[in-house]
Amino acid sequence: MAVTDFAGCIAVVTGGGTGMGRELVRRLAAAGAHVAACDLNAEELARTAELAASGASSVRITTHDCDVTDPDAVAAFAVEVAAQHDTDHINLLFNNAGVGGGGSFVIDDQRAAWDKTFEVCWNGVLNCARAFMDMLVRSEAGAMVNTSSINGFWATVGPGLPHTSYCAAKFAVKGFTEALQVDLALHAPHVSAHVVMPGHIGTSIALNSFSAHGVDIPLIRKNMAARGVDLDAFSDEQVEAMLNDRNTRFRDDAPTSAGQAAEIILTDVLAGRWRILVGDDAYAIDQAVRNDPEDAYTEAFIERLRDQGHLQVLGR
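About the criteria used
Residues numbered from 1 in each chain as written. Predicted model: local features only at pLDDT ≥ 70, side-chain atom pairs only at ≥ 80, totals over all residues. Heavy atoms only, no water. Salt bridge = Lys/Arg side-chain N within 4 Å of Asp/Glu carboxyl O. Helix = DSSP H or I, 4+ residues; strand = E, 2+ residues; numbered from the N terminus. Buried < 20%, exposed > 50% of the residue type's maximum accessible area, 1.4 Å probe, protein only. Pairing = 2+ DSSP bridges. Axes fitted to C-alpha atoms, helices over the stretch in contact; angles between N-to-C directions. Contact = heavy atoms within 4.5 Å. Core = buried A, V, L, I, M, F, W, Y, C linked by side-chain atoms within 4.5 Å.

**Q** Even after reading the chapter, I still don't get the pattern of salt bridges, so can you show me in this structure?
**A** Close approach of charged atoms allows side chains with opposite charge to pair. The tally for this structure, following the rule as stated, stands at 13 salt bridges. Between E263 and R27 there is a salt bridge, with the nearest N and O atoms lying 3.1 Å from each other. A residue pair is termed long-range when its members are at least 10 positions apart, and E263 in helix α9 (residues 258-270) and R27 in helix α1 (residues 19-30) qualify at 236 residues. Across the pair R273 and D268 runs a salt bridge, and its minimum N-O distance is 3.8 Å. Classification of R273 as partly exposed rests on a relative accessible area of 38%. A relative accessible area of 10% places D268 in the buried class.

**Q** Looking at this model, I keep getting lost on the sheet that holds strand β9 (residues 275-278). Mind explaining?
**A** As a general point, the strands of a sheet are linked pairwise by backbone hydrogen bonds and lie either parallel or antiparallel. In spatial order, the strands read β3-β2-β1-β4-β5-β6-β9; together these seven strands make up an open sheet with parallel pairing. Of all strands in the sheet, those with a lone pairing partner are β3 (61-65) and β9, marking the two edges. Averaged over all neighbouring strand pairs, the angle between strand axes comes to 15 degrees, with direction disregarded. In terms of strand pairing, strand β5 (residues 142-147) meets strand β6 (residues 191-198) through six bridges, oriented parallel. Within β6, the position partnered with G142 by the bridge is V191. Each of β4 (92-95), β5, β6 and β9 is contacted by α9, which is oriented at about 160 degrees to β9, the strand it contacts most. Helix-sheet contacts for helix α10 (residues 280-291) involve β6 and β9, and the interaxial angle to β9 is about 115 degrees.

**Q** Explain the nonpolar core to me, please; I cannot follow it from the model alone.
**A** Burial of nonpolar side chains together is a common tendency in soluble globular proteins. Core analysis: the largest hydrophobic core is formed by 32 residues, its most contacted members being F6, L28, L92, F94 and I265. If you list the elements that add at least two residues to this core, you get β1 (10-14), α1, β2 (34-39), α2 (42-54), β4, β5, α9 and β9. Examining the composition of this core, we find that six residues originate from one element, α9, more than from any other. L92 has contacts with V3, F6, C9, I10, A11, V12, L28, L136 and A143, leaving out every residue within four places of it along the chain.

So this is what it looks like as structure tokens:
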């Protein structure tokens, strides 16, 4: 038995404070689902709950402070959900929390940003899947929806731009969710697993990543120098301003909005699609990688995508 209607369901959404997480909470509540959302930004999470409640007064929306990288905190989150929603089960788990950072494995000798990015994007999914699996199995129909990325099948954002931690984590999310297709079919056939692979979505993930890690200007200078870009003429403040401008454009100039992404995800979950691509760019890159995987990490590959109108935020 699959989830075919959100009305009356109990949904858990991680990273519910902003971006796709916020839009998932809003749309689930509007569709009649009770929602438990977590985030580390209490102010933004409260705003999400306010927005969701304004369009859905008959549902219960609870907010929870939870670091998804901490297994004990996630276990406590599950206990809170059970208590505050007076339930022994949930129907929907959206493992949406994510952060960028940790671009280079080779030249970053600090490791902190690399490890934190991997822990949020992969361990966060694993911890929540473990904590809520029994509650999903106790439902009449359940679904686990794990957010990977186009970086779950294409491990870069273009030649000259290392993106190793995020990509490694998103590949892990994709592989885990695909493996669950067989595992759940054998042991809990009423629970489905869905992997979401968004392209460029208009969220603040790039801006939030700098807030999460801080701005490592020396590392940025080193990485840009490896690409042949000399930033010596610019002060640290100017470099940071340029990065903030780029990350703001990443949010504001995206071809797909967070709201549109959430709508696609929820529609495809109800349709029973386990592999959910979000955005025309996601479909184009997926097809391009399949057609020519040996060429996927070359300048020529990304130029072809740019010529098709994709990944314009990367410039030329």
